Amino acid sequence: MPVDDRFHLRPYRDGDEAAILELFARSFPHAPRASEHFGWKYRASPYGSGRISLAFDRERLVGHYAGYPVPFRVDGRDVLAHQIGDTMTDPSVRHIGRGPSSILGRTALDFYSRFCDGAVAFNFGFNVANIQKFSLRFLRSHRVEPVCYRLLDLTVRPLKPMRRVEKALSGYQIEIVRHVDTEWDELFARVRRHYEFCVRRDAQWVRWRYLESPDQRYAVVAVRKWSRLVGWIVYTIRGDSLIWGDALFHPDLPDAPSVMLRHVVPPLHVNRVEGWFPARPRWFDAVLQELGFVMQPEPQDLSLMCVPFMMHDAVDRMRSSLYYTMGDGDLF
């Protein structure tokens, strides 16, 4: 790779936040980022912090490539991966170099060598088409599959609210939660063998990813059967859509997702329920189809991408058994 002494690369240091947020504002002027979000994602995560490579010219920050650690459970073992997000270069340097010699390419490969090789199972992300092409050609990335987007059109298939007596006889109780505890760890321990490959959806994950998020309001809703936690969902409202961002249910109670949605959705007066859910595991795919969810092309043409590191078969395993939701990425 040609050396260009106008630029140097180094890892994140305390105090770099101001320059990073300025670069974000120059790169994405339609969606500036707050310092609280940066601190939550890259400094306060319980899974690891400061996983950022930076490129500078002689005057200012011009490149940024970052990932935040995500805990996965794969066939009974815990592994750590990186969700790659907030990749950006200053508009003034995007013409410099090509592929691996570009500022983005150099910053990404620096991130790989500092934080990934011999350290994590894989990197992953949900990318639009132009970034996919660059990643496939120059950054050792693989396209796992188009994002599995599902839509429930409530104008065609409305959800019938549950009557109070029906809910009482069913034994289900539903509540919005603002705190999670070991009960959520116990649920994940009971169901994890039914999700061969997924994010470790325990109390720590729900707490950090949703309840502590500083700039997005999420509703975290639990469902219990005779007072025992058997599932949960996370959602937010955008326009006339309920965005169903996450879910975990026990497969022995296939009616629980229907009970949950029939309780949550009708009072919100939305027209659609949208989410990302692959056809894995099969029992949950069957539940979603029964509810009326239809698989459609993802509106932004997003695909799930993966760069394997210590888990060499990560791409094949994702295709065969990965369960993911919108909340596994940073677009929710």
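Further up the page is the structure itself.
So, a few notes on the structure that sits alongside this text.

The biggest cluster of nonpolar side chains holds 96 residues, and the ones touching the most others in it are F72, F122, W184, W244 and F249. Of all hydrophobic cores here, the second largest spans 13 residues; its members include Y65, C116, V307 and F309.

Within the fold, A119 resides in the loop between α3 (103-116) and β5 (122-127). Each C-alpha atom of the pair A119 and F309 lies 7.9 Å from the other, and the pair is 190 residues apart in sequence.

With that settled, the discussion passes to the side chain of D86. If you trace the backbone, D86 turns up in strand β4 (residues 77-89). The exposure class assigned to D86 is buried, which follows from its relative accessible area of 11%. Sequence-distant contacts of D86, defined by excluding residues within four places in its chain, comprise F24, R33, K41, Y42, H64, A66 and D330.

A few words now on helix α10 (residues 314-321). Turning to α10, its buried residues number three or more, namely A314, V315, R317, M318 and S321. Projection of α10 onto a plane perpendicular to its axis shows the buried side chains occupying an angular sector of 165 degrees, all on one side. Among the structural elements, β3 (61-74), β5, β6 (142-146), β9 (197-199) and β15 (303-308) are those in contact with the buried residues of α10.

Each regular strand carries side chains that alternate between the two faces of the sheet. Most of strand β10 (residues 219-225) is tucked away, with six of its seven residues classed as buried. In the sheet, β10 pairs with strand β11 (residues 228-238) via seven bridges, with the strands oriented antiparallel. Bridge pairing in β11 links R224 to L229. Linking two consecutive strands that pair antiparallel, namely β10 and β11, is a turn of two residues; a positive phi of about 50 degrees is found at W226 within it.

Under the counting rule described, the total for this entry stands at zero disulfides. Sulfur of C116: no disulfide; nearest cysteine sulfur belongs to C306 and is 11 Å away. Assessed through its relative accessible area of 0%, C116 is described here as buried.

Turning our eyes to something else, we now look at the pairing of strand β12 (residues 241-249). In terms of burial, β12 is largely enclosed, as nine of its nine residues are buried. Hairpin geometry of β11 and β12 is characterised by an intervening segment of two residues between the two adjacent antiparallel strands and by a positive phi of about 60 degrees at G239. Relative to strand β13 (residues 272-276), β12 is paired through four bridges, and the arrangement is parallel. Across the sheet, the residue bridging to S241 is R272, located in β13. In this fold, the crossover linking β12 to β13 by way of helix α8 (residues 256-264) has right-handed handedness.

A few words now on the sheet that holds strand β7 (residues 149-153). Ordered by their spatial adjacency, seven strands build an open sheet running β8-β10-β11-β12-β13-β7-β14, and the pairing between neighbours is mixed. The outermost strands of the open sheet, each flanked by one partner alone, are β8 (172-176) and β14 (294-296). Here the strands of the sheet are splayed against their neighbours by 30 degrees on average, with no regard to which way each runs. The sheet strands contacting helix α6 (residues 182-191) are β10, β11 and β12, and the helix crosses β11 at an angle near 105 degrees.

Here the focus is the pattern of salt bridges. Opposite charge on two side chains permits them to pair, given that their charged atoms come into close proximity. In the structure shown here, the tally under the stated rule is 23 salt bridges. Across the pair R317 and D75 runs a salt bridge whose closest N-O atoms are separated by 2.6 Å. Linking R317 in helix α10 with D75 in the loop between β3 and β4, this pair joins segments that are 242 residues apart in sequence. Judged by relative accessible area, which is 16%, R317 ranks as buried. Residue D78 is joined to R200 by a salt bridge in which the shortest nitrogen-to-oxygen separation is 3.9 Å. Taken together, the residues span a long stretch of sequence, with D78 in strand β4 and R200 in the loop between β9 and α7 (203-211) at a distance of 122 residues. One network of salt bridges, in which partners are shared, links R33, K41, D86 and D330.

Reading the values: the criteria
Residues numbered from 1 in each chain as written. Predicted model: local features only at pLDDT ≥ 70, side-chain atom pairs only at ≥ 80, totals over all residues. Heavy atoms only, no water. Core = buried A, V, L, I, M, F, W, Y, C linked by side-chain atoms within 4.5 Å. Buried < 20%, exposed > 50% of the residue type's maximum accessible area, 1.4 Å probe, protein only. Helix = DSSP H or I, 4+ residues; strand = E, 2+ residues; numbered from the N terminus. Contact = heavy atoms within 4.5 Å. Arc of directions from axis to C-beta. Pairing = 2+ DSSP bridges. Disulfide = S-S within 2.5 Å. Right-handed = clockwise from strand over helix to strand, strands pointing away. Axes fitted to C-alpha atoms, helices over the stretch in contact; angles between N-to-C directions. Salt bridge = Lys/Arg side-chain N within 4 Å of Asp/Glu carboxyl O.

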